Amino acid sequence: MKKFLSILFIFCFQLTLAQEVSNYYLIRHAEKDRADSNNSNPGLTEKGHQRALHWGTVFEKIELDAIYTTNYLRTIHTAMPTADNKGLVLHYYDPRNLNSAEFKAVTKGKNILIVGHSNTTPEFANAILGEEKFGPMPDHVNSYLYVITCIGQKTSAHIFTIE
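Reading guide: rules and limits
Residues numbered from 1 in each chain as written. Predicted model: local features only at pLDDT ≥ 70, side-chain atom pairs only at ≥ 80, totals over all residues. Heavy atoms only, no water. Helix = DSSP H or I, 4+ residues; strand = E, 2+ residues; numbered from the N terminus. Buried < 20%, exposed > 50% of the residue type's maximum accessible area, 1.4 Å probe, protein only. Contact = heavy atoms within 4.5 Å. Pairing = 2+ DSSP bridges. Salt bridge = Lys/Arg side-chain N within 4 Å of Asp/Glu carboxyl O.

Turning our attention to the overall build of the protein chain. In terms of helices and strands, the protein chain carries five helices and six strands. Starting at the N terminus and ending at the C terminus, the protein chain contains elements arranged as α-β-α-β-α-β-α-β-α-β-β. In the protein chain, buried positions account for 40% of the 163 residues. Contacts spanning at least 24 positions in sequence make up 65% of the contacts within the protein chain whose residues lie at least 6 apart.

Take the pairing of strand 5 (residues 144-151) next. The buried count for strand 5 comes to six of eight residues, which makes it a mostly enclosed element. Strand direction decides the pairing type here: strand 1 (residues 21-28) and strand 5, joined by seven bridges, are antiparallel. If you follow Asn-23 over to strand 5, its bridge partner there is Thr-149. Relative to strand 6 (residues 154-161), strand 5 runs antiparallel, the two being bridged by eight bridges. Counterpart to Val-147 in the pairing with strand 6 is His-158.

Let us now look at the pattern of salt bridges. If you walk through the whole model with that rule in mind, you get four salt bridges. The residue Glu-31 makes a salt bridge to Arg-51 at a minimum N-O spacing of 2.8 Å. Within this pair, whereas Glu-31 is found in the loop between strand 1 and helix 2 (46-58), its partner Arg-51 is found in helix 2, the two being separated by 20 residues in sequence. Among the residues examined, Glu-31 registers a relative accessible area of 13% and is labelled buried. Two residues, Arg-96 and Asp-94, come together in a salt bridge whose shortest N-O distance is 3.7 Å. With a relative accessible area of 67%, Arg-96 lands in the exposed category. A relative accessible area of 34% means that Asp-94 is categorised as partly exposed. Salt bridges linked by common partners bring Arg-28, Arg-34 and Asp-139 together as one network.

Written out as structure tokens, the structure is:
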């Protein structure tokens, strides 16, 4: 029986290795500058710049293949410290036009960081999952990290608060 369990474990382990693993890390942009309510494309506050640097250290030991961000100053500035640390260029996505099947096909087997907004980050996470797991993110929260892992047809999703 012990030998059978060992063989079963090795078979299952090899089956998992044979499947491509995709990891998606989704964050919201850091604290934006709200000084000018007419500015639709504000940058970050000083606290936001510090958080962006902190995200860079959070992802320091995580291998990333690509970073996707919306084309707004606050998301770009949030992603840049991590991109600079990793030597990666930013890829832009349109949060109003998400094709999750196409995105998953392009990013299959890769580790991807996605920087979005309070309304688009949970939406994008749900699109990758193919289910409505995550609800709206409060507008004042900039510390959530959504982690989605896809192995074959199986997915797991978790949310963490990174201060």
